[in-house]
Amino acid sequence: MPDKPLRDIRIMELGGYIAGPYATSLLCALGADVVKVEKPEAGDDFRRSQNDRSPYFIQYNAGKRSLAVDLKQPDGVRLVKHLVPRFDVVLENLRPGKLAALGLGPEECLALKPDLVYTSLTGFGEGGPLAGRPAYDTIGQAFGGTYSLLADEGAPQLSGVILGDVVTAISTALGVMAALVARDTSRQGQYLQTSIMEAISTVTIDNFTQYFEDGHRDPSRQSRHPQAQNFCVRTASGEYLAVHLSSSQKFWQGFARAIGRPELIDDPRFTTYNLRTAHYAELVPIVEPEFLRRTFQEWDKILTDHDVPFAPVLTIGGYADHPQTQWHELIEPESDGLSLMRPPWRFNGRRPVREAKAPRVGEHSREVATEVYDESRVAELVAAGILFTDS
């Protein structure tokens, strides 16, 4: 199928929570066969004692298969080692050195399959003073600067978005696909390493540019607005909209005419982008009152007619229900009370459709184990509690 470009790729996932599982979830949605290696009985901690009923677990693991095996037992590790040569990718997001201590590190696995893509996703990387620290999304955002950038200067605060985990997952998935291309070109294995700390820099890259441009002065939420020439304004109907003009003279002139203030075009404070940046603080109190004169519906037409870049400030519900979102078919139809997000790509006009079902802990243990062991050996492992099945 054209919308499943990874349909011949097999991925073994060892880890849990969000960053690693969302990376493999994206690859799974693109057709990869993802086998999730989990602890017996409880499985991934993100199941939160709900097995396959946790909506958060479902969102990041739908379509995968579950192999529940006790990696504290040598026979459990031995099973995974026998399976490694059947996979194209091993992806893990455990603490540095944890899998290597079990004999499942990159050197061991690449020896088992020389053209394997072995991917390690950590909090801070495999070296340096912070390598051993635990890390979740909050840690990545705090360390990476987003908690200061998304707040007023001097008043950092928590954000309402898991930027750290999500951007790490996306950048990891991109890295895996690049490593697969390199493997297919060179016929050699790849050891891919990334971390939440590194990945968050892909979100803050513009802020780093601003930091270097501004003599190493730390940017904040407000400091970007003059550069972006953007505004978030309330309309007479109570709804908010956002405008982003950037450096375009065309958009600035269209904006001035749209708000009924054409004289601003020739105002010596605002004639060029650099002047508007320098006098942005004077421009804001001119712009904001104008938008209180009309409803959002009126502004929608006026700004559209003047070709001004703008958008309504939507809630998540507003985004989900918007006709543009529906046109993109970005959200799966609701199934059993939950809608899954589809990948943000289309291939030859088609968006990949996600499998709605998440695996129960150990649902596919027998199925996967019998790829390398006969039924009697699988039965022995089940009886010994090393391999766990849901039946």
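Per chain, residue numbering runs from 1 following the sequence as it is written. Where local features are concerned, this predicted model is filtered to residues with pLDDT of at least 70; where side-chain atom pairs are given and counted, the filter is 80 or more; whole-chain, interface and lining totals use all residues. To obtain the side-chain values, all non-hydrogen atoms of the structure were used and water was disregarded.

1. Quick notes on the pattern of salt bridges
It is possible for side chains bearing opposite charge to pair when their charged atoms get close. Here is the rule we go by: We define a salt bridge as a side-chain nitrogen of Lys or Arg found within 4 Å of a carboxyl oxygen belonging to Asp or Glu. Only runs of H or I of at least four residues qualify as helices and only runs of E of at least two qualify as strands under DSSP, and these elements are numbered from the N terminus. Think of it in three bands: residues with accessible area under 20% of the maximum for their type are buried, residues over 50% are exposed, and the middle band is partly exposed, with areas taken using a 1.4 Å probe on protein chains only.
Evaluated as defined, the whole model comprises 33 salt bridges. The partner of R78 in a salt bridge is D75, with the nearest N and O atoms 2.2 Å apart. Note that R78 and D75 are positioned in helix α3 (residues 74-83) at a spacing of three residues, about one turn of the helix. Among the residues examined, D75 registers a relative accessible area of 23% and is labelled partly exposed. A salt bridge links E153 to R217; the shortest N-O distance between them is 3.5 Å. Of this pair, E153 sits in the loop between α7 (146-149) and α8 (163-186) while R217 sits in the loop between α10 (205-213) and α11 (224-228); the two residues are 64 residues apart in sequence, bridging distant segments of the chain. Residues joined by salt bridges that share partners form a network here, namely R10, D33, R65, E367 and E371.

2. Remarks on the sheet that holds strand β6 (residues 190-195)
Cut-off, in case you're wondering: Strand pairing requires that DSSP identify at least two bridges connecting the strands. In what follows, a contact means two residues having at least one pair of non-hydrogen atoms within 4.5 Å. To obtain an axis, a line is fitted to C-alpha atoms, over the contacting stretch when the element is a helix, and the angle between two such axes runs from 0 to 180 degrees between their N-to-C directions.
Strand order across the open sheet formed by seven strands is β6-β5-β4-β1-β2-β3-β10, with mixed pairing between neighbours. The outermost strands of the open sheet, each flanked by one partner alone, are β6 and β10 (387-388). Where strand β5 (residues 117-122) lies against β6, six bridges are found, and the strand directions are parallel. Of the residues in β6, the one forming a bridge with Y118 is Y191. On top of the sheet, α3 reaches β1 (10-14), β3 (65-69) and β10; it is set at about 145° to β3, its chief contact.

3. Digging into the packing of aromatic side chains
Stated formally: Stacked, edge-to-face and tilted labels apply to pairs of Phe, Tyr and Trp rings (six-membered ring for Trp) whose centres lie within 6.5 Å, assigned for plane angles under 30 degrees, over 60, and everything in between, in that order.
By the definition in use, this model includes 15 aromatic pairs. Both rings, one in F46 and one in Y60, keep their centres 6.2 Å apart while their planes meet at 40°; by these two values the pair is tilted. With F46 in the loop between β2 (33-38) and α2 (55-61) and Y60 in helix α2, this residue pair connects regions lying 14 residues apart in the sequence. Exposure remark for F46: the relative accessible area of 5% places this residue in the buried category. Judged by relative accessible area, which is 12%, Y60 ranks as buried. Geometrically, the ring pair formed by Y118 and Y191 is edge-to-face, given 5.8 Å between the ring centres and 70° between the ring planes. Placement of the pair is Y118 in strand β5 and Y191 in strand β6, with a sequence separation of 73 residues.

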